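Spelled out, the chains give:
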Amino acid sequence: VQLQASGGGLVQAGGSLRLSCTASGNILSINVMGWYCQAPGKQRELVAQITNDGTTTYADSVKGRFTISRDNAKNTVNLQMNSLKPEDTAIYYCNAILTTYYEGRYWGQGTLVTVSS
């Protein structure tokens, strides 16, 4: 199983970025897909996640600014990030809880998001 993430970059405060992540491999089902972030010197924390029935969860810090969505047919999750702030600067990691021969949690490679003031 691989999670391939894309879409990070450098943006000015107030700008927008869209992150995408696609899961591939011998996948039977994907229960949850989401994004975590890790800023320098901090622990990795949940940004947003979405279940296979479309239930979403957001960190308080991103509510109203970020929107998570998924395309179940393409095993893809997207994170639309608007009104970005310098404190959003972090490495963003795609995450999925999915079933192959067993259920497990998988991580994609990180993608760097840098928001300049």
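This text goes with the structure placed above it.
Residues numbered from 1 in each chain as written. Predicted model: local features only at pLDDT ≥ 70, side-chain atom pairs only at ≥ 80, totals over all residues. Heavy atoms only, no water.

> Please provide a residue-by-residue account of the overall build of the chain, values included.
Scanning the chain from terminus to terminus reveals zero helices and eleven strands. In sequence order, the chain lays out its α and β elements as β-β-β-β-β-β-β-β-β-β-β. Each principal axis of the C-alpha atoms in the chain carries an extent, and together these give about 45 × 25 × 20 Å. When the 117 residues of the chain are sorted by exposure, 44% land in the buried category. Residue pairs at least 24 apart in sequence account for 53% of intrachain contacts in the chain once pairs closer than 6 positions are excluded. As displayed, the chain offers around 6,200 Å² of accessible surface, 48% of which is attributable to carbon and sulfur atoms. Side chains of the chain carry 9 positive and 7 negative charges; the gap between the two charge centres is 3 Å. (Helix = DSSP H or I, 4+ residues; strand = E, 2+ residues; numbered from the N terminus. Buried < 20%, exposed > 50% of the residue type's maximum accessible area, 1.4 Å probe, protein only. Contact = heavy atoms within 4.5 Å. Areas by Shrake-Rupley, 256 points an atom, 1.4 Å probe, with all protein chains shown as cover. Lys, Arg positive; Asp, Glu negative; His and termini not counted. Charge placed at Lys NZ, Arg CZ, Asp CG, Glu CD.)

> So, the packing of aromatic side chains: which residues are in play, and what are the values?
Working definition: an aromatic ring pair is given by the centre-to-centre distance plus the angle between the planes. Counted according to the given criterion, the structure contains one aromatic pair. Over the aromatic face of Tyr93 sits the side chain of Arg44, whose NZ or CZ is 3.6 Å from the ring centroid. Taking the ring centre of Trp107 as reference, the NZ or CZ of Arg44 above it sits at 4.6 Å. (Phe/Tyr/Trp six-rings, centres within 6.5 Å; stacked < 30°, edge-to-face > 60°. Lys NZ or Arg CZ within 6 Å of the ring centre and 35° of its normal.)

> Got a sec to walk through the pairing of strand E11 (residues 111–116)? Specific residues and values, please.
Residues Thr111, Val113 and Val115 point to one face of E11 and are all buried, whereas Leu112, Thr114 and Ser116, pointing to the other face, are not buried. Relative to E11, strand E2 (residues 9–12) runs parallel, the two sharing four bridges. Within E11, the position partnered with Gly9 by the bridge is Val113. Here strand E9 (residues 90–99) pairs with E11 via three bridges, running antiparallel. For Ala90, the partnering residue across the bridge sits in E11 and is Val113. (Pairing = 2+ DSSP bridges.)

> Summarise the state of the cysteines; cite the residues concerned and give the values.
The final tally for this structure, using the stated rule, is one disulfide. Here Cys21 is linked by a disulfide to Cys94, with a sulfur-sulfur distance of 2.0 Å. A torsion of -85 degrees about the S-S bond marks the disulfide between Cys21 and Cys94 as left-handed. Of this pair, Cys21 sits in strand E3 (residues 17–24) while Cys94 sits in strand E9, and the two are 73 residues apart along the sequence. Across this residue pair, the class does not change: Cys21 and Cys94 are buried. Its sulfur unpaired, Cys37 is 14 Å from the next cysteine sulfur, which belongs to Cys94. (Disulfide = S-S within 2.5 Å.)

> Quick one: what's the story with the pattern of salt bridges, residue by residue and with numbers?
A side chain of one charge can pair with a side chain of the opposite charge if their charged atoms are brought near each other. Per the counting criterion, the structure on display carries two salt bridges. A salt bridge links Lys63 to Asp60, with the nearest nitrogen and oxygen atoms 3.0 Å apart. (Salt bridge = Lys/Arg side-chain N within 4 Å of Asp/Glu carboxyl O.)

> Kindly report on unusual backbone geometry, identifying the contributing residues and their values.
Positive phi values are uncommon outside glycine, yet Asn75 reaches one of about 50 degrees. Residue classification places Asn75 among the partly exposed positions, given a relative accessible area of 23%. The residue Ser83 is not glycine, and still its phi comes out positive at about 50 degrees. Here Ser83 shows up in the loop between strand E8 (76–81) and E9.

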